[in-house]
Amino acid sequence: MIPYSTQLIEEDDIAAVVEILKSSHLTQGAKVEEFEEAIARYVGARYCVTFNSATSALLGAYAVVELKENDEIITTPISFVATSNMAIALGAKPVFCDIKMDGNIDESLIESLITPQTRALVPVDFAGKPVAMEAINAIAKDHNLLVIEDASHALGSGIGNQKIGSLADMTVFSFHAIKPITTGEGGAVVTNDEAFAQKLKLFRSHGIIKKQLWNSDMVSLGHNFRLTEFAAALGLSQLHKLDHFLSTRNKIARYYDERFAGHKLFTTITIDSGEQSARHLYPLLLSPALHCAKEDIFAELQSRGLGVQVHYKPIYQNSFYKERFGEQRLANTEHFYKSELSIPCHQKMSMENARIVADTVLDVMEKYAYRGCSF
Ligand SMILES: *Cc1c(COP(=O)(O)O)cnc(C)c1O
C-alpha cells in the first residue's frame, strides 16, 4: 500500500535520536532551543515555541490571546477538528466560513461573518497551498482582529519570497508523523511578538519562571506540553531535509498535474505562480458525474494499493458540533467534500511509484465513468 503521506526516516535521523538517548538530558536541554531557532530562521519569524503537538500549540496560541467564553473565531470547516476544537476548549465559538474550490477559506466571505464577539481569523493552508494572507491580514487590520494561521500542512510553503510562518500574528505547525517534517508527535507556534512567545513558553511549562537558586514562581496557569530532546533532535535532522522533501513532493505533484491535465472526470488544484506549496496532500476533485461512485472508487483504489483518503469531512458535520452548534451546511464546503480524494504524494515515493499511482487513478476513473449519477 502506498499511503497518501508518510514519513521518511534515514540513518542520520536515527543517529541524531540515539545520540540524545545516550546523553544526560532527555528533556529540557539545549536541543529543543536549537530546533526552535532553526525553525524560526527557516520561516523568517523572530520566535518559535515548540509543543508536544500542533493541537497543544493551537491551544497555546488561543490561550495567550486570552480567547474566552462568548468569543468567536472565524475559521474553515475543511480542516482537522483540532483547529476549532481548541477554541471550544476555552469556551469560544468557531464560526465556519465557506471555502473556495482550492480548499482554502473564501476570504471574500469573511467580513460578513464578523461580529462584536469576533477575536481572531484562523485560516488553514489546505494541502499546503497558502491562503490569501494579504487579504486576510487586511481584513484583520480593519477590524482589529488577530490572525492565527493553522499551517499544519504548510511548513515550507510560501508566497513570493516570504515563507508561511512570517505572515500571521501566530502560525502553528505540526510535526505529526505524516506532516512535512516529523518529530513523531510535535508542533510549534512561530511569531514575531515577544510577549506572545514568552506567554507561550509559560503556558507550555506550568507557568513557572525560574528565580535564584531553588526558588521559582508560578505566575500563570500552565500545562506540560513540552517536546522531548530526542524529538527535537529528530526534528532538527528532518528540517535539514525539508527542502529536499519539498522538491520530491513538488516533482511528483507536477507529474500528476501533467498526467491529469484536462481530464473530463476530475480536476486538480493549481498552485498559483509566485506561490510555493509543501504539497502535504495531492487532492483530486471528482466531477459531479462521479460523486455517487466515490465510495466505490475509494474502495477500489485502496484495494489496488493506493492509500487514498478524504480531507476532510466538514467539521460541522461531526456529532459533537451538530449537538452543540446545530446543523449547518455551506454550499462549497459540501461540494468540496463530495469531490475530494487525496492520492499518494510524499518524499518516500519514487517517480515509478508516481507513474503507478497515476495509471491506477486514470484506469479506475474510466471504469466508473459511465455508471452515471442521477441528479
Ligand atoms: C494534523 C493537523 C492538526 C493537528 O496536529 P497534531 O500535531 O496531530 O496535533 C491540526 N490542524 C491541521 C490542519 C492538521 O492537519
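Residues numbered from 1 in each chain as written. Predicted model: local features only at pLDDT ≥ 70, side-chain atom pairs only at ≥ 80, totals over all residues. Heavy atoms only, no water.

Visitor: How do you make sense of the environment of Ile159 when you look at a structure like this?
Guide: Tracing the backbone through its elements, the reader meets Ile159 in strand S7 (residues 158-159). With relative accessibility at 26%, the residue Ile159 sits in the partly exposed group. Sequence-wise, Ile159 and Phe80 are 79 residues apart; in three dimensions their C-alpha atoms are separated by 23 Å. When residues no more than four places from it in sequence are discounted, the contact partners of Ile159 are Pro130, Val131, Met133, Leu167, Gly274 and Gln276. (Helix = DSSP H or I, 4+ residues; strand = E, 2+ residues; numbered from the N terminus. Buried < 20%, exposed > 50% of the residue type's maximum accessible area, 1.4 Å probe, protein only. Contact = heavy atoms within 4.5 Å.)

Visitor: How do you make sense of the packing of helix H9 (residues 242-260) against helix H14 (residues 351-369) when you look at a structure like this?
Guide: For any two helices packed against each other, one specifies the inter-axial angle together with the distance between the axes. Running from amino to carboxyl end, H9 crosses H14 at an angle of 30°, the nearest separation of the two axes being 10 Å. Classified by the angle between their axes, H9 and H14 sit roughly parallel to one another. Note that H9 runs across H14; the crossing there is right-handed. For the pair H9 and H14, contact is made by Lys251, Ile252, Tyr255, Tyr256, Arg259 and Phe260 and by Met351, Ala354, Arg355, Val357, Ala358, Asp359, Val361 and Leu362, respectively. Per-class residue counts for the contact of H9 with H14 are 10 nonpolar, no polar and 4 charged. (Axes fitted to C-alpha atoms, helices over the stretch in contact; angles between N-to-C directions. Parallel < 35°, antiparallel > 145°, perpendicular 65-115°, else oblique. Left-handed = near helix turned anticlockwise from the far one by under 90°. Nonpolar A, V, L, I, M, F, W, Y, C, P; charged D, E, K, R; others polar.)

Visitor: Just checking my understanding: could you explain the nonpolar core for this structure?
Guide: One broad rule of soluble globular proteins: the nonpolar side chains tend to lie buried together. Judged by nonpolar contacts, the single largest core of 43 residues is most densely connected at Ile39, Leu155 and Ile181. Among the secondary structure elements, those contributing two or more residues to this core are helix H2 (30-43), helix H6 (133-143), strand S10 (187-191), helix H8 (229-239) and H9. Element by element, the count of residues in this core is highest for H2, at 7 residues. Lining this core are residues from two domains, each supplying at least three of them: domain 1 (2-239) and domain 2 (242-367). Phe260, Val310, Val361 and Leu362 belong to the second-largest nonpolar core, a separate cluster that totals 31 residues. (Core = buried A, V, L, I, M, F, W, Y, C linked by side-chain atoms within 4.5 Å. Domains from an automatic or database assignment.)

Visitor: Even after reading the chapter, I still don't get the packing of aromatic side chains, so can you show me in this structure?
Guide: In this description, an aromatic ring pair is defined by two values, namely the gap between the centres and the angle between the planes. Scanning all chains against the criterion turns up 13 aromatic pairs. Between Phe96 and Tyr321 the ring centres are 5.9 Å apart and the planes differ by 55°, which places this aromatic pair in the tilted class. Of this pair, Phe96 sits in strand S4 (residues 93-96) while Tyr321 is found in helix H12 (residues 319-325), placing the two residues 225 residues apart along the sequence. Summarising the aromatic geometry, the rings of Phe126 and Phe336 are spaced 5.4 Å apart at their centres and angled 80° between planes, so their arrangement reads as edge-to-face. Of this pair, Phe126 sits in the loop between strand S5 (118-122) and H6 while Phe336 sits in helix H13 (residues 331-339), placing them 210 residues apart in sequence. There is no split in this pair, since Phe126 and Phe336 are both buried. When the ring centre of Tyr42 is taken as reference, the NZ or CZ atom of Lys163 above it lies at 4.7 Å. Directly above the ring of Tyr337 sits Lys294, whose terminal nitrogen or CZ lies 5.7 Å from the centroid. (Phe/Tyr/Trp six-rings, centres within 6.5 Å; stacked < 30°, edge-to-face > 60°. Lys NZ or Arg CZ within 6 Å of the ring centre and 35° of its normal.)

In short, shape yes, function no, at least from these values alone.
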